[in-house]
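Below are the chains, spelled out letter by letter.
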Amino acid sequence: MSTSESAVPTTASPTATVEGLVDLELPGHTISRHVYGHFSEHLGRCIYGGFFVGADSEVPNEDGIRLDVVEALKALDIPNLRWPGGCFADDYHWKDGIGPRDQRPTMVNSHWGDVVEDNSFGTHEFMHLCELLGTEPYVSANVGSGTVKEASDWVQYLTRGDDSPMAALRRANGREEPWRVRFWGLGNEPWGCGGRMSAEAYGELARTFGTYSRDMGTNELYRIAAGAANADYRWTEVLMKALGRRLGGAEDPGFGNGAFQAISFHCYTVAGSWEEKGSATQFDLEQYYATVLQAQRIEEVLAGHARVMDVYDPAGEIGLVLDEWGTWFDVEPGTNPGFLFQQNSLRDALVASLHFDAFHRHADRLVMANIAQTVNVLQAMLLTDEESGALVLTPSYHVFEMNKGHHDAANLTVHLRGDLPTRTLPDVRGLGGHGPAGHGLHERGPAELTTVSVSASRKDGRALFSATNLDAEAPVTLRLALRGTTGGRPTARLLTADAPQAHNTPQRLDAVVPRDHGDGVRLEGGPGAQTLVLELPPHSFATVELPLP
Ligand code: AHR
């Protein structure tokens, strides 16, 4: 249904101007660049056809790795790439993916389409990909069906430099020097595809796997325990206790401390039911608002996990990692249901911008986040067309690009005041996403969506503002009083289109691309009393760069 056809089942508050204040000289926590992280699973056409086409492909490649994909992602400065899953990680036996490609054993990818995996993309290919991208690998070890020794051997294979058996095996396979691997995942979704464990059972395993995943030489692992679904704060609490942390931060000496350094959780944006998630492009305004509302709820889920961690770790030593997030819609008609291939519209871009605003605000605890997934799966950055070979940059890609300036920048608190514009949605489901029943928030019913979201940071002599107008019909003017210092001439970029359903295709690559916002941004007032004024059309995302002295 098109926007114009749909009945709008929402009521809006009339506010057309939003006022706020930012002190440019009060930098807060550093926004880790790793919250702009990525995820690549052996799922559908993410690895095969997405990142990897094989050395014999007509698509330009380096040892099978697709070069247009590498170039597009390099432009995002992607900080890390998670691999090999997801659910696939807990079925994956890394030794099947090394050595001559034509001699590698095959396996069945039971989770994703029940297809045969030929293991032609394995450890060396992944590490080569990371080198081409200039990104840090985030490797997830198999806890669900693997052994502690297997995980321990993998760390040695990757990071050990001497003539020990695993280092010698790596050398025999053509790689002399050890790689540097920091991010090390201990399984995936152990409450579900990763083994259907209780939090307590997994906590024990995470300690054991964490202990035997050792630092080799100067390579220090940052071990990430697999965490909760959505708002399952109890899971996070159990893992904090598994680390030997007690209320108030006291530690049981010599207990779990150091077994892992971070705890993850997953939270997808699912507006429909799990069985009928809705189309990625054929949606009405009701579905549009329901989706962005679910996305906005990431704020309270982040806050919930962070609150639990604060109680057990007031010093903030343990990191929080959201290593799977993004929209999850029905697959595109005619595609394999197990391949999770969906289009990506302006709506997805706004889902991304909302998440980043929340990530920036939680910079004190959130150390990493990974969009699911980078190419051809779920909320992808890139879609590759099988027939034409074309590469499509999605609207979500552009949000990652426009927000690059927030990487490792200092968060600036944006105080919005007065009644913010809202839409009241008469009937939406509780928090979307998957996972064990009862781990959502909210009952089905009415909900209020705040339709403006803003975040800001400063780095290298300039401030960067990100602003989203979720209202599909009403424009908004943002007026931010600036304090602390005097800004120079601002420039803005705008991402929008005629309708939230707009998306890029091989036939139309630029339906949703950022454009110069020209006089959509201005500074009013003089030194000490400047106001940054930004015009936001309906369903739009903008970034503003402000030079600082
Ligand atoms: O990203 C797709 C899947 O979603 C992952 O494999 C799994 O971890 C989650 O359920």
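In this report, we go over the structure that sits alongside the text. Here the structure is a predicted model, which is why all the values come from computation and not from measurement.

So, how was this worked out
- Residues numbered from 1 in each chain as written.
- Predicted model: local features only at pLDDT ≥ 70, side-chain atom pairs only at ≥ 80, totals over all residues.
- Heavy atoms only, no water.
- Helix = DSSP H or I, 4+ residues; strand = E, 2+ residues; numbered from the N terminus.
- Rg over C-alpha atoms; globule rule 2.2 N^0.38 Å.
- Buried < 20%, exposed > 50% of the residue type's maximum accessible area, 1.4 Å probe, protein only.
- Areas by Shrake-Rupley, 256 points an atom, 1.4 Å probe, with all protein chains shown as cover.
- Lys, Arg positive; Asp, Glu negative; His and termini not counted.
- Charge placed at Lys NZ, Arg CZ, Asp CG, Glu CD.
- Axes fitted to C-alpha atoms, helices over the stretch in contact; angles between N-to-C directions.
- Parallel < 35°, antiparallel > 145°, perpendicular 65-115°, else oblique.
- Left-handed = near helix turned anticlockwise from the far one by under 90°.
- Contact = heavy atoms within 4.5 Å.
- Nonpolar A, V, L, I, M, F, W, Y, C, P; charged D, E, K, R; others polar.
- Pairing = 2+ DSSP bridges.
- Disulfide = S-S within 2.5 Å.
- Expected span 1.5 Å × (residues − 1).
- Phe/Tyr/Trp six-rings, centres within 6.5 Å; stacked < 30°, edge-to-face > 60°.
- Polar contact = N/O pair within 3.5 Å; in protein donor to acceptor, adjacent residues only side chain to side chain.
- Core = buried A, V, L, I, M, F, W, Y, C linked by side-chain atoms within 4.5 Å.

1. Let's talk about the overall build of the protein
- Within the protein, the secondary structure is distributed over 10 helices and 28 strands.
- Taken over C-alpha atoms, the radius of gyration comes to 23 Å for the protein, in line with the 24 Å a tight globule of 549 residues would show.
- Considering only C-alpha atoms, the protein reaches an extent of 70 × 60 × 50 Å along its principal axes.
- Evaluated residue by residue, the protein yields a buried proportion of 61% over its 549 residues.
- Entry remark: accessible area of the protein is about 20,100 Å², with carbon and sulfur atoms responsible for 50%.
- For the protein, the distance from the average position of its 44 positive side-chain charges to the average position of its 72 negative side-chain charges is 5 Å.

2. What to know about the packing of helix H6 (residues 233-242) against helix H8 (residues 298-312)
- Two elements in contact, H6 and H8, have axes separated by 9 Å at closest approach and are oriented at 25°. Of the possible angle classes, the one that applies to H6 and H8 is roughly parallel. In terms of crossing hand, the pair formed by H6 and H8 is right-handed. Contacts between H6 and H8 involve Tyr233, Thr236, Glu237, Met240 and Lys241 from the former and Glu300, Val301, Gly304, His305, Val308, Met309 and Tyr312 from the latter.
- Residue composition of the contact of H6 with H8, grouped by class: six nonpolar, three polar and three charged.

3. Some points on the sheet that holds strand E23 (residues 476-483)
- Spatially, five strands are ordered E18-E2-E23-E27-E26 in an open sheet, and the strand pairing comes out mixed. The open sheet has two edge strands with one neighbour each: strand E18 (414-417) and strand E26 (521-524). Sheet twist, expressed as the mean angle between neighbouring strand axes with direction ignored, is 25°.
- Two strands pair when backbone bridges link them, and E26 and strand E27 (residues 531-536) are joined in this way by four bridges, in the antiparallel orientation. By the bridge assignment for E27, Arg522 is matched with Val533.

4. Describing the state of the cysteines
- One pass over the full model with this rule turns up one disulfide.
- Between the sulfur atoms of Cys87 and its disulfide mate Cys193 the distance is 2.2 Å. Disulfide Cys87-Cys193: the torsion about the S-S bond is -85°, which places it as left-handed. Note that Cys87 is positioned in the loop between strand E6 (80-83) and strand E7 (107-109) and Cys193 in the loop between strand E10 (183-186) and helix H5 (199-212), a separation of 106 residues in sequence.
- We note that Cys46 lacks a disulfide partner, and the nearest cysteine sulfur, in Cys130, lies 12 Å from it.
- Since its relative accessible area comes to 0%, Cys46 is described here as buried.

5. Brief notes about H5
- The end-to-end C-alpha separation of H5 is 20 Å, in line with the 20 Å expected for 14 residues at 1.5 Å each.
- Those residues of H5 that sit buried are Ala199, Tyr202, Gly203, Ala206, Arg207, Phe209 and Gly210.
- On its buried face, H5 sits against helix H3 (148-159), E10, strand E11 (222-229) and H6.

6. Re the pairing of strand E24 (residues 491-495)
- For E24 and strand E28 (residues 540-547), the ladder comprises five bridges, and the chain directions are antiparallel. For Thr491, the partnering residue across the bridge sits in E28 and is Glu545.

7. Re the packing of helix H2 (residues 123-133) against H3
- As a packed pair, H2 and H3 sit with axes 12 Å apart at the nearest point and diverge in direction by 50°. Judged by the angle between their axes, H2 and H3 are oblique. Read as a crossing pair, H2 and H3 show a hand that is right-handed. Listed contacts from H3 to Thr123, His124 and Met127 of H2 are Trp154, Tyr157 and Leu158.
- In terms of residue class, the contact of H2 with H3 is built from four nonpolar, two polar and no charged.

8. A look at the packing of aromatic side chains
- In this structure the tally under the stated criterion is 24 aromatic pairs.
- When the ring of Tyr36 is compared with that of Phe356, the centres are 4.1 Å apart and the planes differ by 20°; the resulting orientation is stacked. With Tyr36 in the loop between strand E2 (17-23) and strand E3 (37-39) and Phe356 in helix H9 (residues 346-361), this residue pair connects regions lying 320 residues apart in the sequence.
- For the ring pair Tyr36 and Phe400, a centre distance of 6.1 Å and an interplane angle of 90° mean the geometry is edge-to-face.

9. A look at the environment of Thr135
- Within the fold, Thr135 resides in the loop between H2 and strand E9 (136-141).
- Judged by relative accessible area, Thr135 falls into the buried class, the value being 8%.
- Sequence separation of Thr135 and Asp77 is 58 residues, and the distance between their C-alpha atoms is 7.7 Å.
- If we ignore the near neighbours within four places in the chain, the residues touching Thr135 are Ile78, Pro79, Asn80, Leu81 and Cys130.
- A polar contact is formed between the side chain of Thr135 and the backbone oxygen of Pro79, at a distance of 3.1 Å.

10. Points about the nonpolar core
- Among the nonpolar cores identified, the biggest contains 127 residues, and Trp184, Tyr202 and Phe359 are the most heavily contacted of them.
- Considering each element in turn, this core owes the most residues, nine residues, to H9.
- For Tyr202, the residues in contact, after removing those within four places along its chain, are Val143, Leu186, Pro190, Met197, Ala225, Ala226, Trp235 and Leu239.
- Within the second largest apolar cluster, 25 residues are counted, among which are Val22, Val414, Val452 and Leu494.

11. Description of the sheet that holds E11
- If you trace the eight strands once around the closed barrel, you get E3-E6-E9-E10-E11-E12-E13-E14, paired in parallel fashion. Adjacent strand axes in the sheet meet at a mean angle of 30° when their direction is disregarded.
- Contacts from H9 reach strand E12 (262-269), strand E13 (319-327) and strand E14 (366-371), with the element oriented near 165° to E13.

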